[in-house]
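Each chain, letter by letter, is given below.
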Amino acid sequence: MDMTDNILADIRENMRHAKRGAFYCKYFADIDPDDIKNDDDFQKLPFTEKEDLRGAYPLGLAAVPEEKIVRVHSSSGTTGTPVIIPYTKRDVEDWAVMFKRCYETAGVTKHDKIHITPGYGLWTAGIGFQAGAELLGAMAIPMGPGNTDKQISIMTDLKSTVLCATSSYALLLAEKITQREIKDRIHLKKALIGSERWGDKMRRRIADELGVRLYDIYGLTEIYGPGIGISCDHECGMHMWTDYMYCEIIDPKSGRRVKPGDAGELVITTLHKEGAPLIRYRTHDLTREMPGECPCGLPYPRIDTLIGRSDDMVKVKGAIIYPSRVDEFLASVDGVSSEYQIMIDHLNGKDMVTLFFETDVAIDERENLAHTVKDSFKTTIGITVIAKAVGMGDLPRSEKKSTRIFDNRY
Ligand code: ZN
């Protein structure tokens, strides 16, 4: 996103501050913040990865003396050492200000009753939803996750008007409410859903069954938490609060910035964070910058709904295959199931991509269907594949979608 002299000045100040902490003191040992005079200099700075932060456990990320830390959160790692993020009083306040702005963008007011189901505690950030609600002056209902029966009785008795949840939990609640035929006792008008990749089908079901308007809320523990961006009524991406952070979209493989509007990985630099400032932090979330201005008039740039994780994408023949786009593509072809496998091989100096898909059409019609799939894959994804139809249930089922793409080239 646009780099200005003011942002550069904030970045230099942020870097000077970050170097007071043990982590960046070492990581940026050879880097002088005063040398960052323009965007090109900035783009030469190394990225910060979550793996790097693990080495700072427990409090090596703190750029302030411990007595200035008022709270810590921790981001969950799949394995190994967690990452502890320290917050100062100002960080906690700034986060609440950003979250209040999220609620306001979604049209939530102090007259609303906000039903908060994300977890509270070290690992999660229900408290962010809560602090923003309180700053707004709305009634926060700090449910936390689980105990669906209690959720529904509190929701009907207190007449909750706003639901904060993950997409999967919102869907679960929606299903229960539909099953019990109690939709007329539900007063929800809006739902703020923690942004992850979720399909349109799921989105429509939640909106219809709960009778709500949905907003995507973005965030990650390393950068405050949820609430650093949200979609507005125009549903054309999430506004990012760029007065608190500088956002870049990079090619995850080369590390270079992509052209405006192209998809890539979101990289965030905090501008005012005191406890644990981060410079060029790789989120591994894939998105793109939305072009132009939003009809809502907010002056904050937008990123698109998340496409997936950069750890899941594969580059082949100059194009990128995102699992989410293959999901969407297959959903648009009649007679094809959602299960697939992609094999990428390097043969005779060329990359070859084979797409196995499941179908229930008769065996003698499969070749025709494979032709259709091949042609539409080329049109939609931009890559020529060898399409091979197999019967329903022939492909192995796996819990991790990322294992559907097998890159055998290296
Ligand atoms: Zn907008």
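Residues numbered from 1 in each chain as written. Predicted model: local features only at pLDDT ≥ 70, side-chain atom pairs only at ≥ 80, totals over all residues. Heavy atoms only, no water.

## Topic: the coordination of the zinc ion
Geometrically, a metal with four donors at the corners of a regular tetrahedron has ideal angles of 109.5 degrees, and one with six donors at the corners of a regular octahedron has ideal angles of 90 or 180 degrees.
Then step 1. Here the zinc ion is held by the protein donor atoms Cys232 (SG), His239 (NE2), Cys294 (SG) and Cys296 (SG), which lie 2.1 to 2.3 Å from it.
Then step 2. Each donor residue of the zinc ion belongs to the same chain, and together they define the spacing C-x6-H-x54-C-x1-C. Taken as a pair, His239 in strand 9 (residues 238-240) and Cys296 in the loop between strand 12 (281-288) and strand 13 (302-303) lie far apart in primary sequence, 57 residues in all.
Then step 3. The class for His239 is buried, based on a relative accessible area of 0%. (Donors = N, O, S within 2.8 Å, 3.2 Å for Na, K, Ca; no water. Helix = DSSP H or I, 4+ residues; strand = E, 2+ residues; numbered from the N terminus. Buried < 20%, exposed > 50% of the residue type's maximum accessible area, 1.4 Å probe, protein only.)

## Notes on the sheet that holds strand 14 (residues 308-309)
Then step 1. Here 4 strands make up an open sheet; going across it, the order is 10-11-12-14 and the pairing antiparallel. Of all the strands in the sheet, just strand 10 (245-250) and strand 14 have a single pairing partner and so form its edges. (Pairing = 2+ DSSP bridges.)

## A word on the pattern of salt bridges
Then step 1. Taken as a whole and assessed by the stated rule, the structure comprises 26 salt bridges.
Then step 2. Between Asp94 and Arg90 there is a salt bridge, with its nearest N and O atoms 3.0 Å apart. You can see Asp94 and its partner Arg90 sitting in helix 5 (residues 89-105), 4 residues apart, about one turn around the helix.
Then step 3. Across the salt bridge formed by Arg101 and Asp243, the nearest N and O atoms sit 2.7 Å from each other. In this pair, Arg101 is assigned in helix 5 and Asp243 in the loop between strand 9 and strand 10, connecting sequence segments 142 residues apart.
Then step 4. Assessed through its relative accessible area of 17%, Arg101 is described here as buried.
Then step 5. Judged by relative accessible area, Asp243 falls into the partly exposed class, the value being 30%.
Then step 6. Several salt bridges share partner residues, and in doing so they unite Asp39, Glu248, Arg257 and Arg280 into one network. (Salt bridge = Lys/Arg side-chain N within 4 Å of Asp/Glu carboxyl O.)

## Examining the packing of helix 8 (residues 167-179) against helix 9 (residues 200-210)
Then step 1. The geometry of helix 8 relative to helix 9 is characterised by a closest axis approach of 9 Å and an angle of 45° between their N-to-C directions. Compared by their axis directions, helix 8 and helix 9 come out oblique. In terms of crossing hand, the pair formed by helix 8 and helix 9 is left-handed. Across from Ser167, Ser168, Ala170, Leu171, Ala174, Glu175, Ile177 and Thr178 in helix 8, the residues of helix 9 making contact are Met202, Arg205, Ile206, Glu209 and Leu210.
Then step 2. A per-class count over the contact of helix 8 with helix 9 returns 7 nonpolar, 3 polar and 3 charged. (Axes fitted to C-alpha atoms, helices over the stretch in contact; angles between N-to-C directions. Parallel < 35°, antiparallel > 145°, perpendicular 65-115°, else oblique. Left-handed = near helix turned anticlockwise from the far one by under 90°. Contact = heavy atoms within 4.5 Å. Nonpolar A, V, L, I, M, F, W, Y, C, P; charged D, E, K, R; others polar.)

## Considerations on the sheet that holds strand 3 (residues 113-116)
Then step 1. Taken together, the 8 strands give an open sheet; going across it, the order is 4-3-5-6-7-8-9-13, and neighbouring strands pair in mixed fashion. The open sheet has two edge strands, strand 4 (139-142) and strand 13, and neither has a second partner.
Then step 2. Sheet contacts for helix 5: strand 3, strand 5 (162-165), strand 6 (190-194), strand 7 (213-220) and strand 8 (225-231); angle to strand 8, the most-contacted strand, approximately 30°.
Then step 3. Relative to strand 3, helix 6 (residues 126-136) is tilted by about 170°, and along the sheet it contacts strand 3, strand 4, strand 5, strand 7 and strand 8.

## Here's the deal with the domain arrangement of the protein
Then step 1. Domain annotation for the protein reports domain 1 (88-309) and domain 2 (314-407).
Then step 2. Put simply, the middle of domain 1 and the middle of domain 2, counted by C-alpha atoms, are 32 Å apart.
Then step 3. At the junction of the two partners, domain 1 supplies 6 residues and domain 2 supplies 5 residues.
Then step 4. Of the roughly 530 Å² buried between domain 1 and domain 2, counting both surfaces, carbon and sulfur atoms make up 57%.
Then step 5. In this structure, the connection of domain 1 to domain 2 is made through 1 salt bridge.
Then step 6. Asp251 serves as the salt-bridge partner of Lys315, at 3.1 Å between the closest nitrogen and oxygen.
Then step 7. For the pair domain 1 and domain 2, the interface holds 1 residue pair in polar contact (both at pLDDT 80 or more). (Domains from an automatic or database assignment. Buried area = accessible area lost by both parts, 1.4 Å probe. Polar contact = N/O pair within 3.5 Å; in protein donor to acceptor, adjacent residues only side chain to side chain.)

## Digging into the pairing of strand 4
Note on strand geometry: in a regular strand, side chains alternate between the two faces of the sheet.
Then step 1. Two strands pair when backbone bridges link them, and strand 3 and strand 4 are joined in this way by 4 bridges, in the parallel orientation. Of the residues in strand 4, the one forming a bridge with Ile114 is Ala140.
Then step 2. On the question of chirality, the crossover connecting strand 3 to the parallel strand 4 by way of helix 6 is right-handed. (Right-handed = clockwise from strand over helix to strand, strands pointing away.)

## Digging into a nonpolar patch on the surface
Then step 1. A cluster of nonpolar side chains, contributed by Leu59, Val72, Leu122 and Trp123, occupies part of the molecular surface with about 320 Å² of accessible area.
Then step 2. Tracing the sequence through the fold places Leu59 in the loop between helix 4 (50-54) and strand 1 (69-75). (Patch = residues over 30% accessible without salt bridge, like charges linked within 9 Å, V, L, I, M, F, W, Y side chains within 5 Å. Areas by Shrake-Rupley, 256 points an atom, 1.4 Å probe, with all protein chains shown as cover.)

## Quick word on helix 6
For an α-helix, the turn length of 3.6 residues means that residues three or four places apart are oriented alike.
Then step 1. The set of residues buried in helix 6 consists of Gly126, Gly128, Phe129, Gln130, Gly132, Ala133 and Leu136.
Then step 2. Following helix 6 by one or two positions, Gly137 adopts a phi angle in the positive range, close to 95°.

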